[in-house]
Amino acid sequence: MSRSPDPPTTALRPAVFLDRDGTLTEPREYPGKPADLVLNPGVGPRLRALRDAGFLLVVVTNQSGVARGYFDVSDLDAMHAHLRSELAEFGVRLDGIYFCPHHTDGKIPHLAVRCDCRKPEPGMLLTAAAELGIDLGRSWMIGDARSDVLAGEAAGCTSLLVDNEPERLRRQVDLSGRPLTTSEALDRIRATVAGPPRATPEHRTDRRDALVRRLSDGREIRFYADPGSAHRPGTDPRRLAPFESRSELRWDPLLRDWVIMAPNRRTRSGDTAETCPLCPGGDAGQSEIPAFGYDVAVFENRYPALTDVPGTVPHAPGSLTRAPAPGRCEVIAYSSDHEARLSDLPVERVRTVLEAMADRTAALNAMDGIRQVVCFENHGAQVGASLAHPHGQVYGYPFLPGRFARMREVALGAPRRGEGCPVCTLVRRELALDERLVGRTDHWAAVVPFAARWPYEVHVYPRRHVNELAALTDGEMAELAHLYRTVLGCFAKVAEEPLPYLATWVQAPAGQGREDVTHLHVQILSDRMSPTRTKKPAAGELGAGAFVSEADPEAMAKALASVAGPSELATTSWRNT
């Protein structure tokens, strides 16, 4: 019996023991290469939640394929390195991987023996308990075979039997008579020991609750109200058929990235003030928002690039791989006023928009198959907005988009370089230099990037390390509403005419804990050097990825700060004051 070593712990802690094939990963008969190990749906975020709750995570797996000569220990090491890498994408670290290579029918003589480590014997669990300091009486064993359950019980653990093959003829059931998947078993453990996970932190209490309704084709719509305001939803009079998306994912093997193919989105149309689908529709008309008035409304996109189809993205795609495009696409309408910009709205409305984004991020993060939630706004037809009505979007991607994956790679590698959080370091230096600051508050800094790629570009960072909107305090959220509105207002005033812009929020991937390396921030940029001059990326930028910037970041910061209006926050400081 062998294991992947990790430093032992000195205090007894509970553990979750997991069988590998069919339990942690999809069922395969004698998997022998890394690509054969594909995580079962939903296990990553749930394992992270259990790790955050104080559990050790240990894999215990029978691997008679070694004794049978199908593969050797080096092959197992490669597979387990791959497994650790896949789980690391969810912020999950295994405390140990124990395997039994024996079987009496084996072809390798010294492994063709009876042992005390092959499940249903408890040897692997007992060894792990001794080496890692595990309290077996507070631990759990999850497996898809009766031998897993017996091994757990023999070691003194509570055992759960799972079935991740719904079509299997011989159903394995728990004591309730209903099959459990691995994700459901992990949820049961989490609920037993700590109650359901909280979607928002305890220290923020001033939130916006949503009123949920259904559109005529079954899509959800949520109404968020400003303090003191009332919801006035109507009913959807339309008779819409459920939309059938033809979206799919295609793998680019040269860049190792997914591309979303969504030809169905060509059928969506633009709007005018008379035909706008985001203007309130009451009980009549063609509005997507059946209301007599609203503050903020969030609904599922009628023409989504990603759809609520079951399935997961392949973990080891090859050339010419295509897959369904599972995920979620939602629209956030900021106001019932068709002509308003977000920077024109009261600060309380901006706060409601941010609270809606935080709420939807938490909800989408909890959905199976979602890897990364991205909130964004395309403002202006020049940068791709098909609707002029003030709105943004929330996408729940089934993979880590390329730029987010690159930022995460840089942050994860910081400790190996002897560095701390790259964003924390950057913010401290920019605050000290005060050369590219547009504005600052007690909790936030608005900065033109030192290596700005676009004619006008501002990043807004929290001054403490926090990785998602839902983790902000009341004070941080209040200040963010003021600062974000003001920075967007700068884009409206810095040139002779308001500039179009793109705003993208960077938050932690789904399933990551509050200690994740991601540093929350929003990136706001415009490709306009003036209302009539556009920065057009050329072949070197789009083809080679080598960006050439004509911006002067220090001058850009000065110009933006010079048009920042007075703030209602006494703690706000602008470079022009």
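Higher on the page you've got the structure.
So, a few notes on the structure that sits alongside this text.

Definitions and limits used
- Along each chain, residues carry numbers from 1 onward, in the same order as the chain's sequence is written.
- In keeping with the model being predicted, local features are shown solely for residues with a pLDDT of at least 70 and side-chain atom pairs are shown and tallied solely at 80 or more, while totals for entire chains, interfaces and linings include all residues.
- For side-chain calculations, the full set of non-hydrogen atoms in the structure is used, while hydrogens and water are omitted.
- Strands here mean DSSP runs of E at least two residues long; helices mean DSSP runs of H or I at least four residues long; both are numbered from the N terminus.
- Each residue is placed in one exposure class: buried if its accessible area under a 1.4 Å probe, protein chains only, is under 20% of its type's maximum, exposed if it is over 50%, and partly exposed if it falls in between.
- Any two residues whose heavy atoms approach within 4.5 Å are treated as being in contact.
- For every accessible area listed, the method is Shrake-Rupley and the probe measures 1.4 Å; residues are considered covered only by the protein chains on display.
- Nine residue types can take part in a nonpolar core, namely buried Ala, Val, Leu, Ile, Met, Phe, Trp, Tyr and Cys, and a core is a set of them joined through side-chain atoms within 4.5 Å.
- A strand pair is defined by DSSP finding two or more bridges across the two strands.
- Here a polar contact means two N or O atoms within 3.5 Å. Within protein one must be a hydrogen donor candidate and the other an acceptor candidate, and residues neighboring in sequence count only if both atoms are side-chain atoms.
- Between N-to-C directions, angles span 0 to 180 degrees; the directions come from axes that are lines fitted to C-alpha atoms, helices contributing only their stretch in contact.
- Here is the rule: rings of Phe, Tyr and Trp (six-membered ring for Trp) pair when centre to centre is within 6.5 Å. Planes less than 30 degrees apart are stacked, more than 60 are edge-to-face, and the remainder are tilted.
- Only when the NZ of Lys or the CZ of Arg is both within 6 Å of the ring centre and within 35 degrees of the ring normal is a charge said to sit over the ring.
- A clockwise turn of the near helix away from the far one marks a right-handed crossing, whereas an anticlockwise turn of less than a right angle marks a left-handed crossing.
- Each residue is assigned to one class: nonpolar for Ala, Val, Leu, Ile, Met, Phe, Trp, Tyr, Cys and Pro, charged for Asp, Glu, Lys and Arg, and polar for all the others, Gly among them.
- Here a salt bridge means any side-chain nitrogen of Lys or Arg lying within 4 Å of a carboxyl oxygen belonging to Asp or Glu.

The helix and strand tally for the chain stands at twelve helices and 23 strands. Sorting the 577 residues of the chain into buried and exposed places 54% on the buried side. Long-range pairs, those at least 24 residues apart, make up 68% of the contacts in the chain between residues at least 6 apart in sequence. Total accessible area computed for the chain in this model is approximately 25700 Å², and 52% of it derives from carbon and sulfur atoms.

Next up on the list: the nonpolar core. By size, the foremost hydrophobic cluster in this structure holds 55 residues, and its most contacted members are Val460, Leu480, Tyr484, Trp505, Ile524 and Leu560. Counting residues per element, this core draws most heavily on helix H10 (residues 474-493), which supplies nine residues. If we ignore the near neighbours within four places in the chain, the residues touching tryptophan 505 are Leu354, Met357, Val374, Cys375, Phe404, Leu469, Leu480, Tyr484, Leu520, His521 and Val522. Within the second largest apolar cluster, 32 residues are counted, among which are Val16, Leu24, Ala67 and Ala185.

Here strand S15 (residues 391-397) lies mainly inside the structure; seven of its seven residues are buried. Residues His391, Gln393, Tyr395 and Tyr397 point to one face of S15 and Gly392, Val394 and Gly396 to the other, with burial holding for every one of them. Bridging between strand S13 (residues 328-333) and S15 involves six bridges; their strand directions are antiparallel. Among the inter-strand pairings, isoleucine 332 is bridged to a residue of S15, identified as glycine 392. In the sheet, strand S14 (residues 372-379) pairs with S15 via five bridges, with the strands oriented antiparallel.

Here we come to the environment of aspartate 516. The residue aspartate 516 is located in the loop between strand S19 (501-506) and strand S20 (521-526) in this model. Looking at aspartate 516, the relative accessible area reads 4%, which means it is buried. Along the chain, aspartate 516 and phenylalanine 90 lie 426 residues apart, while their C-alpha atoms are 9.8 Å from each other. Not counting residues within four places of it along the chain, the set of residues in contact with aspartate 516 comprises Arg408, His465, Asn467, Ala508 and Pro509. Polar contacts involving the side chain of aspartate 516 include one to the side chain of threonine 518, which spans 2.7 Å.

For sheets, the rule is that strands pair by backbone hydrogen bonds, running either parallel or antiparallel. Across the sheet, three strands lie side by side as S10-S9-S12; this open sheet has antiparallel pairing. Only two strands of the sheet have a single neighbouring strand rather than two, namely strand S10 (257-261) and strand S12 (322-324). Between one strand and the next, the sheet's axes are offset by a mean angle of 30 degrees, whatever the strand orientation. Two strands pair when backbone bridges link them, and strand S9 (residues 248-252) and S12 are joined in this way by three bridges, in the antiparallel orientation. Opposite glutamate 248, over in S12, you have proline 324 as the bridge partner.

Moving on, we get to the packing of aromatic side chains. Under the counting rule described, the total for this entry stands at eight aromatic pairs. Look at tyrosine 397 and phenylalanine 399: their rings are 5.7 Å apart centre to centre, the planes differ by 55 degrees, and that puts the pair in the tilted class. Each member of the pair, tyrosine 397 as well as phenylalanine 399, is classed as buried. The rings of Phe376, Tyr395, Tyr397 and Phe399 are connected pair by pair, giving a single aromatic cluster. For arginine 371, the ring lying beneath its charged end belongs to phenylalanine 90, and the centroid distance is 4.4 Å.

Below, the discussion takes up the packing of helix H7 (residues 347-365) against H10. For the pair H7 and H10, the least separation of the axes is 9 Å and the interaxial angle reads 115 degrees. Handedness of the H7/H10 crossing: right-handed. Judged by residue contacts, Val347, Val350, Arg351, Leu354 and Glu355 of H7 engage Asp474, Met477, Ala478, Leu480, Ala481, His482, Tyr484 and Arg485 from H10. A per-class count over the contact of H7 with H10 returns eight nonpolar, one polar and four charged.

A word on the pattern of salt bridges. On inspection of all chains with the given rule, the structure shows 38 salt bridges. In this structure, aspartate 36 and arginine 28 form a salt bridge, with 3.7 Å as the shortest nitrogen-oxygen distance. By relative accessible area, aspartate 36 is classed as buried at 14%. A salt bridge links arginine 406 to glutamate 409, with the shortest nitrogen-to-oxygen separation between them at 3.3 Å. Of this pair, arginine 406 and glutamate 409 both sit in helix H8 (residues 402-413), three residues apart, roughly one helical turn. Residue arginine 406 is classed as partly exposed on the basis of its relative accessible area of 48%. You can call glutamate 409 partly exposed: its relative accessible area is 48%. Look at the salt bridges and you will find they share partners, linking Arg214, Glu220, Arg222, Glu300, Arg328, Glu330 and Arg360 into a network.

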